[in-house]
Amino acid sequence: MNQASPIELPAAPLADAPLIKPKTSKDDRIMVGFILMISLYLLITLAFPLYAMLSKSFSTFSFDLTNFEFQVNSGDGWSAAVSADSLNRELGKYTADDLATSSDGRLGVTDFFPDFSFRSPTLYRIRQIQLDSSFLFGSERVADTEWHEYGSNDFRRVVIRPSSSTGLANYRSYFSTPALFRSIENSLLIAAISTIITVSLAFGFAYALNRSTMRFKGIFRLIAMIPILVPSLLPGIALVYLFGNQGMIRGLLFGESIYGPIGIVMGSVFFTFPHALIIITTALGISDARLYEAAIALRASRWKTFWTVTIPSARYGLISAAFVVFNLVITDFGLPKVIGGQYNMLAVDIYKQVIGQQNFEMGAVVSVVLLIPALFAFSIDRFVQKKQVASVSARSVPYEPKPHRQFDWICLGYCSAVAIFIVGLIAVCQYAALIKFWPYNLSLGLSNYNFEVMDGGGWDSYWNSIQLAFYTAIVGTLVVFTGSYMVEKINGFATTRSAFQFLAMMPMAIPGMVLGLAYIFFFNDPANPLNSIYATMGILVICTVTHFYTVSHLTAVTALKQMDREFEAVAASLKQPFHRLFSRVTVPVCLPSILDISIYLFVNAMTTVSAVIFLYSPDTTLASVAVLNMDDAGDVAPAAAMGMMIFYTNVIARLLHLFITRKVVRTTQAWRKL
Amino acid sequence: MLKKLTRSSLLVACAAAVTMLVPAQSALAATELTVYTAVEAEDLARYAETFNQDHPDIEIKWVRDSTGIVTAKLLAEKNNPQADVIWGLAATSLLLMKSEGMLEPYKPKGVEKLDKKFVDKGAVPTWVGMDAWVASVCYNTVEAAKHGLEPPKTWRDLLKPMYKGHLIMPNPNSSGTGFLDVSSWLQMFGKKSGGWEFMDRLHKNIARYTHSGSKPCKLAAAGEIPIGISFAFRGAKSKAQGAPLEIIVPAEGVGWDMEATAIVAGTSKLEAARTLVDWSITRKANEMYNTGYAVVAMPGVAKPVEHFPPNLLEKMIDNDFEWAANNRKAILAEWLKRYDSKSEAK
Amino acid sequence: MTESIAPAAQTPRVYLRIDRLTKKFGAFVALDRVSLEVFEGEFICFLGPSGCGKTTFLRAIAGLDIQTSGSVEQDGLDISALPPAERDFGIVFQSYALFPNLTSERNIAFGLENQKLGKAKITARVAELLELVGLPEQGDKYPAQLSGGQQQRIALARALATSPGLLLLDEPLSALDAKVRGHLRHEMKLLQRRLGVTTVMVTHDQEEALTMADRIVVMNQGVIEQVGTPTEIYREPDTLFVADFIGEMNQVKGRVESETSVSIGDIRLASRPHKLAQGASAVVAIRPEDIIPHGAGARSAGTTETMADTGNTLDMQIENMEFLGSFWRVSLWHPGFGDDRLRADMSINAMRRLSIEEGSSIQVELPADRLWVFASESR
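## A word on the nonpolar core
Membership of the largest hydrophobic core comes to 336 residues, with the highest contact counts inside it found for Ile237 of chain A, Trp87, Trp185 and Leu202 of chain B together with Phe46 and Phe57 of chain C. Among the elements that take part in this core, helix H23 (residues 578–607) of chain A stands out by supplying 16 residues, more than any other. Apart from residues no more than four positions distant in its own chain, Phe57 of chain C is found in contact with Ile18, Leu21, Leu31, Val34, Leu36, Phe46, Met219 and Ile224 of chain C. Of all hydrophobic cores here, the second largest spans 41 residues; its members include Ala155, Met188, Ala209 and Ile233 of chain C.

Pasting the structure below:
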């Protein structure tokens with residue numbers, strides 16, 4: 001035995017040593033600082049506005065009859081003061097429900113006097129007891145507690161205004177108005193039908209791409225992605241040109257009107273198709289070829305193999321695609337606005353309540369109602385996606401399709417049909433944009449591009465949109481990537497991190513309209529120190545970044561998860577600050593994903609309507625909103641023209657992205673190719 | 001050498017002084033007014049330009065949008081107004097703001113020269129009208145002929161079965177023009193029942209309701225529908241563009257609203273705002289409005305506008321804006337109950 | 001013991017002193033009051049099954065997951081609460097964690113670049129390290145262009161670049177195939193000797209630990225079972241766990257007879273001294289290679305013995321024989337053993353000499369000094 005013998009252990013019994021309070025490193029502090037900043041960002045841009053909106057939906061208005069007193073003088077002196085409430089009790093005229101109203105509510109006072117005649121010589125006095133409401137004489141607002149005297153002819157011009165409180169009255173009134181809650185049914189129905197059609201179509205398309213050896217796959221892939229590059233309302237415009245009363249092929253509808261469910265569903269299928277396709281292609285792509293070999297060995301028919309192998313292995317993809325499409329359709333605003341006719345949908349109701357009737361409270365209520373199916377669809381999607389990840393085994397062998405003449409021809413035919421639908425709608429838009437005056441002057445020209453004389457902000461809005469898209473791409477990528485880096489790579493702070501994760505997931509469940517409305521409530525409050533960004537490009541950028549946060553965040557997280565978990569530990573052991581690792585390794589390695597995030601943000605910022613419709617200002621009119629407004633004003637051709645400008649811009653942005661990515665890959669990703 | 005140096009440095013100093021002074025001066029001179037408006041986009045530049053001919057020191061920063069959005073914006077900003085002046089917004093909307101106490105009462109110079117209809121009835125008016133915005137029917141002769149329709153002469157003509165599915169009108173819940181139609185029918189045909197009976201029957205003929213007031217006329221112009229209930233101004237414009245339109249003013253009379261001007265309470269630029277409002281009711285301003293609108297606030301100014309129906313002024317009903325504003329909520333609720341909930345059941 | 005490997009220094013200095021280190025994850029205790037001293041220049045292996053706490057221990061030493069309580073002292077300094085960047089160590093992970101977008105050179109230079117060294121100095125140091133790990137030609141390659149073993153060596157070079165006082169290795173060889181692993185074991189050991197850097201390696205591979213370590217720390221369920229040189233651990237296991245985890249060990253149920261004897265069934269055997277109480281049930285343990293075959297059984301197997309001293313020699317029946325190349329593994333049975341069997345490794349020579357075959361009986365000796373007695377509930 002020598003010195004290498006077992007060392008003497010400290011004498012038993014072992015007492016616990018004092019607890020260690022780890023000293024945080026500078027890096028840790030900086031990273032916590034960042035994560036707090038970005039959490040704060042999400043709180044301010046998401047949680048607080050939503051809270052403001054929620055509280056708005058509970059802000060109720062009702063006529064407080066106890067606050068108004070009357071005196072009557074029929075020539076024999078003034079009667080004793082009597083409150084409107086006791087008059088109402090005597091008459092049994094209004095129930096409590098009748099007295100619930102909106103902020104704009106007005107109630108005539110003559111109804112409290114059954115024998116009122118505006119020709120009588122009777123004099124009336126009215127006063128408020130407390131200052132928390134008001135009444136109008138004509139449109140003159142009276143908000144004091146003095147007695148006011150009116151002759152009978154004037155007295156009929158007196159209406160009382162509601163006072164505000166909080167409660168569920170708005171929701172009660174929503175659900176007791178069939179015209180309003182009917183929209184829930186409509187929205188669910190349209191979303192469900194569109195989902196079934198889109199997912200089926202996309203599945204067929206993805207199946208053909210993955211499982212056949214047909215030609216032109218690359219072109220089909222490109223065409224299928226076109227709808228992502230245009231605002232969702234553009235297909236609506238194209239459909240009007242195709243199937244409207246002057247439509248080119250209106251006969252195909254057999255007399256049905258395109259304005260309504262048919263139009264919404266067709267347009268929805270168009271704009272959700274690529275989203276479904278991406279998910280389903282991925283799901284089919286990870287199917288295990290070994291299962292097919294087994295099926296062949298078992299002499300299963302193609303048909304049987306399809307139902308026992310293909311569908312089950314893609315089921316999570318299908319479910320996920322279904323809920324994504326459902327969510328997109330139910331929250332979309334542009335399309336039903338353009339082509340929905342009277343067919344009420346929740347997202348349009350918000351617009352109608354806020355813009356048409358200035359009833360913000362009811363707008364908030366509809367927003368909350370719209371949140372529910374959206375949240376539901378979103379949570380199911382998240383749940384399913386988690387499952388899917390777990391079901392992919394690392395040993396799977398990718399499927400290699402074998403040529404099969406007949407099947408390949410069927411696939412080619414099918415994909416061509418879908419491609420014609422997509423390209424057709426876009427081509428119709430471009431054609432419409434060039435026609436001088438449909439359908440009476442079919443000569444071509446660029447007069448529809450003279451946006452200056454139309455609603456929507458002219459060419460400025462186009463440049464504004466590019467600016468917005470550019471800033472959104474830069475700011476968004478920066479915020480999103482930094483945020484996801486912090487949340488992925490920081491040690492400890494489990495609660496903060498999971499809270500952040502939750503916040504980062506939320507935007508996907510929040511319809512754009514709801515977000516935009518929430519922003520008005522929150523940022524336009526003069527008490528809000530951030531009030532100054534209201535009506536600036538800043539708020540548009542923030543809103544757009546927040547609206548599209550989730551997908552960007554997930555992209556970043558996926559990229560970061562592929563990085564070795566120990567890089568940070570290695571860097572720390574080498575005494576290198578995290579920012580050096582971040583700039584030397586993390587960012588270069590993740591560059592392709594970072595570029596993906598920025599193009600995603602750019603394209604969406606170009607096309608988004610719903611989130612920014614409440615937020616743009618005259619200096620920051622946007623192309624996508626201009627499409628909506630021009631269409632709304634009946635300038636359909638210029639709307640199509642602007643829509644096509646957005647399309648071409650996005651195509652150029654995409655090409656640029658492709659070019660830069662190639663270049664970047666060549667210079668910084670050389671190691672990948674090895 | 002030294003001389004050269006001094007001279008050039010002097011030059012530089014001068015240039016610097018000038019460049020520093022010039023913007024400072026112009027900044028001093030120009031007051032910037034934020035003006036909310038719903039006036040057609042193509043007219044805005046002309047309005048500002050004409051105004052600046054007389055008042056070059058006031059710079060107008062337009063905030064333009066459709067009536068609904070501007071109104072919603074103003075109401076949303078109630079506690080924190082961004083606008084100094086509202087120039088060219090529906091009087092109905094201004095009444096709404098007035099009853100919220102959002103407008104600054106002001107009696108502009110020369111207000112007595114205006115038609116009384118165009119001035120707020122308050123002791124000190126809170127708003128003054130500019131021009132009238134009159135309902136009418138846009139009738140596409142080509143499409144109508146295809147369907148064998150005859151041009152309607154009255155509102156009641158539109159109830160005839162032959163128009164079934166060939167009519168389009170704005171939804172009063174989302175369009176000010178729509179509300180204007182509805183409130184005028186109620187005033188003309190009976191507030192309690194007559195108006196609603198008319199609309200019940202009209203509803204059977206309506207193909208659909210649009211969200212925008214100008215859209216029915218544009219749709220008629222595009223042949224998308226033979227008949228669009230809209231307003232005359234829009235019809236005239238489309239006609240000028242070459243649409244086969246006829247603008248019909250129904251014999252019973254037509255509803256109207258006016259574009260009006262008001263000062264937003266609490267503006268920090270009251271002087272400039274008053275200057276603008278004073279100018280907005282001058283003869284020159286009224287002549288300016290007349291290029292697009294056949295009926296303007298100052299009597300005797302209006303010259304006939306091309307494509308406008310000539311008898312417009314006499315067909316304008318005696319619109320009770322106050323009644324319309326105070327009963328708006330009830331009317332819309334009733335409309336919603338009657339037509340919107342069953343609108344998809346054809 | 002004679003073959004002990006002495007640490008580099010003559011009078012060993014304690015370089016790392018760990019005192020009652022505890023790490024809890026919620027209610028789960030991953031490390032329970034672990035204490036250890038590591039001498040300067042020593043190569044220490046933490047060995048144990050997965051989940052025994054060895055990696056937690058290493059990460060606590062590195063400051064990557066700081067312990068709940070207990071202290072770590074490195075080179076006389078208390079570093080218990082310090083973040084990793086303020087400690088002095090280099091580390092190699094199982095995945096190597098090489099930066100994929102940097103060449104080998106840049107990877108190695110990563111830790112040198114902001115130390116105010118001149119460019120030339122860095123280049124020289126990188127070249128020196130590449131030389132050291134035997135990859136002088138691979139400097140401009142990206143990690144993906146290197147084999148697993150080469151990557152491992154680059155990772156090692158990167159960890160050594162800043163000349164840390166302590167080298168931590170977290171399963172550095174387990175991602176490699178067996179042949180490369182064997183080769184690298186040897187190389188790493190030589191390198192460590194040459195540099196004299198105090199090294200702590202985590203492994204679950206006993207062979208790796210036995211061949212590389214100066215001392216092995218055997219861990220189980222968050223505590224240290226035994227610390228010792230490889231031979232000590234192998235030859236003198238303190239606990240049944242260590243005995244069982246390292247190498248092969250026969251285990252037969254028995255009963256304590258005295259401080260130096262034990263009985264299996266009714267066979268009484270002399271054993272190593274132990275501290276178990278008389279009459280307690282115990283586990284009798286012997287390594288397969290320690291069973292000495294003496295010749296064909298004198299008595300027919302199964303004959304009941306008296307409780308006499310048999311000189312630890314038994315007649316046992318050969319139930320089964322398995323040829324394992326350099327030796328035979330023989331399964332032996334005795335009626336007194338009940339369901340237990342003894343595995344014995346016998347050389348091919350012995351087999352031939354004793355003409356052993358399945359079903360025959362054999363006389364074997366279970367040397368008393370190779371016969372352990374452990375408390376039976378110790379498992």
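There's more to say after this.
## With respect to the pattern of salt bridges
As enumerated under the stated definition, the model contains 53 salt bridges over all chains in all. Note that Asp120 of chain B is salt-bridged to Lys98 of chain B, the shortest N-O span being 3.0 Å. Here Lys98 of chain B lies in helix H4 (residues 91–99) and Asp120 of chain B lies in the loop between strand S4 (103–104) and strand S5 (127–140), a separation of 22 residues in the sequence. Note on Asp120 of chain B: relative accessible area 6%, which makes it buried. Linking Asp214 of chain C and Lys189 of chain C is a salt bridge whose minimum nitrogen-to-oxygen distance equals 3.1 Å. In this pair, Asp214 of chain C is assigned in the loop between helix H6 (206–212) and strand S9 (215–220) and Lys189 of chain C in helix H5 (residues 178–195), connecting sequence segments 25 residues apart. Like Lys189 of chain C, Asp214 of chain C is buried. Connected through salt bridges with shared partners, the residues Arg580 and Arg584 of chain A together with Arg106 and Glu113 of chain C form a single ionic network.

## Re the domain arrangement of chain B
Residue and element names in this part refer to chain B. Domain annotation of chain B identifies domain 1 (31–132 + 257–310) and domain 2 (133–256 + 320–340). Centre-to-centre, using C-alpha coordinates, domain 1 lies 26 Å away from domain 2. With 20 residues of domain 1 in contact, the opposing surface of domain 2 contributes 18 residues. Counting each side, the surface lost to burial between domain 1 and domain 2 is near 1700 Å², with a carbon and sulfur contribution of 74%.

## Notes on the interface of chain C and chain A
Between chain C and chain A, the contact holds 55 residues from the first and 43 residues from the second. Each partner contributes to the roughly 4300 Å² buried at the junction of chain C and chain A, and carbon and sulfur atoms together form 62% of this total. On inspection of chain C and its partner chain A, the count reaches four salt bridges. The partner of Glu566 of chain A in a salt bridge is Arg59 of chain C, and the shortest N-O contact between them spans 3.4 Å.

## As for the sheet that holds strand S15 (residues 292–296) of chain C
Two orientations exist for strands paired in a sheet by backbone hydrogen bonds: parallel and antiparallel. Residues and elements named next belong to chain C. Taken in spatial order, the five strands line up as S15-S19-S16-S17-S18 in an open sheet, and their pairing is antiparallel. Each edge of the sheet is formed by a strand with only one pairing partner; in this case those strands are S15 and strand S18 (342–347). Between one strand axis and the next, the sheet turns by 45 degrees as a mean value, whatever way the strands run. Inspection of the sheet shows strand S17 (residues 327–333) paired to S18 by six bridges, in the antiparallel sense. Counterpart to Ser331 in the pairing with S18 is Arg343.

## Points about the side chain of Asn464 of chain A
All names here are of chain A. Looking at the secondary structure, you find Asn464 in helix H17 (residues 458–489). Note on Asn464: relative accessible area 10%, which makes it buried. There is a polar contact of 3.0 Å between the side chain of Asn464 and the backbone oxygen of Thr621. When near neighbours in sequence (up to four residues on either side) are disregarded, Asn464 contacts Met537, Asp619, Thr620, Thr621 and Leu622.

## Description of H4 of chain B
All names here are of chain B. Along H4, nine of the nine residues are buried, which leaves the element largely enclosed by surrounding structure. Those residues of H4 lying buried are Ala91, Thr92, Ser93, Leu94, Leu95, Leu96, Met97, Lys98 and Ser99. Of the residues flanking the end of H4, it is Gly101, one or two places downstream, whose phi is positive at about 70 degrees.

## Comments concerning the state of the cysteines
All names here are of chain B. Scanning all chains against the criterion turns up one disulfide over all chains. The disulfide bridge from Cys138 ends at Cys217, spanning 1.9 Å between sulfur atoms. The disulfide joining Cys138 to Cys217 has a torsion of about -85 degrees about its S-S bond and is therefore left-handed. Pair noted here: Cys138 is in strand S5 and Cys217 is in helix H8 (residues 215–221), with a separation of 79 residues, a long-range link. With respect to burial, Cys138 and Cys217 carry one shared label: buried.

## A few points about the packing of aromatic side chains
The geometry of an aromatic ring pair is captured by two quantities: the separation of the ring centres and the angle between the planes. The full count for this structure, using the stated rule, is 59 aromatic pairs over all chains. Taken together through their ring pairs, the aromatic side chains of Phe70, Tyr94, Phe112, Phe113, Phe116, Tyr124 and Phe155 of chain A make up a single cluster. Cation over ring: Arg156 of chain B sits above Phe189 of chain B, and NZ or CZ is 4.3 Å from the ring centre.

## With respect to a nonpolar patch on the surface
On the surface, a cluster of nonpolar side chains totalling about 540 Å² of accessible area is made up of Met248, Ile249, Leu252, Tyr431, Leu442 and Leu444 of chain A. Tracing the backbone through its elements, the reader meets Ile249 of chain A in the loop between helix H8 (234–243) and helix H9 (261–285).

## A few points about the interface of chain B and chain A
Listed per partner, the contact involves 60 residues of chain B and 61 residues of chain A. Here chain B and chain A share an interface that buries about 5300 Å² over both sides, 47% of which is from carbon and sulfur atoms. Here chain B and chain A share six salt bridges between them. With a shortest N-O distance of 3.3 Å, Lys98 of chain B and Glu140 of chain A are connected by a salt bridge. Run the count over chain B and chain A and you get 20 residue pairs in polar contact (both at pLDDT 80 or more). Only helix H2 (41–54), strand S2 (58–64), helix H3 (67–76), H4, helix H5 (141–146), strand S7 (206–210), H8 and helix H13 (321–340) of chain B provide two or more residues apiece to the side of chain B that touches chain A. For the side of chain B that touches chain A, the leading source of residues is H13 of chain B, giving eight residues. For the side of chain B that touches chain A, the per-class residue count stands at 20 nonpolar, 20 polar and 20 charged.

## What about the domain arrangement of chain A?
Structurally, chain A comprises domain 1 (26–44 + 463–669), domain 2 (63–164) and domain 3 (180–391 + 402–447). Measuring from the centre of the C-alpha atoms in domain 2 of chain A to the corresponding centre in domain 3 of chain A gives 55 Å.

## Concerning the packing of H17 of chain A against helix H18 (residues 494–505) of chain A
Residues and elements named next belong to chain A. Between H17 and H18, the shortest axis-to-axis distance is 9 Å and the interhelical angle comes to 140 degrees. When the interaxial angle is binned, H17 and H18 end up oblique. The chirality of how H17 crosses H18 is left-handed. Listed contacts from H18 to Gly483, Val487 and Glu488 of H17 are Arg497, Phe500 and Gln501.

## Considerations on the pairing of strand S9 (residues 148–151) of chain A
All names here are of chain A. Burial along S9 is one-sided: His148 and Tyr150 are buried, and none of Glu149 and Gly151, which face the opposite way, are. Inspection of the sheet shows strand S6 (residues 123–128) paired to S9 by four bridges, in the antiparallel sense. Across the sheet, residue Leu123 finds its bridge partner in S9, namely Gly151.

Basis of the calculations
Residues numbered from 1 in each chain as written. Chains lettered and ligands numbered in written order. Predicted model: local features only at pLDDT ≥ 70, side-chain atom pairs only at ≥ 80, totals over all residues. Heavy atoms only, no water. Core = buried A, V, L, I, M, F, W, Y, C linked by side-chain atoms within 4.5 Å. Buried < 20%, exposed > 50% of the residue type's maximum accessible area, 1.4 Å probe, protein only. Helix = DSSP H or I, 4+ residues; strand = E, 2+ residues; numbered from the N terminus. Contact = heavy atoms within 4.5 Å. Salt bridge = Lys/Arg side-chain N within 4 Å of Asp/Glu carboxyl O. Domains from an automatic or database assignment. Buried area = accessible area lost by both parts, 1.4 Å probe. Pairing = 2+ DSSP bridges. Axes fitted to C-alpha atoms, helices over the stretch in contact; angles between N-to-C directions. Polar contact = N/O pair within 3.5 Å; in protein donor to acceptor, adjacent residues only side chain to side chain. Disulfide = S-S within 2.5 Å. Phe/Tyr/Trp six-rings, centres within 6.5 Å; stacked < 30°, edge-to-face > 60°. Lys NZ or Arg CZ within 6 Å of the ring centre and 35° of its normal. Patch = residues over 30% accessible without salt bridge, like charges linked within 9 Å, V, L, I, M, F, W, Y side chains within 5 Å. Areas by Shrake-Rupley, 256 points an atom, 1.4 Å probe, with all protein chains shown as cover. Nonpolar A, V, L, I, M, F, W, Y, C, P; charged D, E, K, R; others polar. Parallel < 35°, antiparallel > 145°, perpendicular 65-115°, else oblique. Left-handed = near helix turned anticlockwise from the far one by under 90°.

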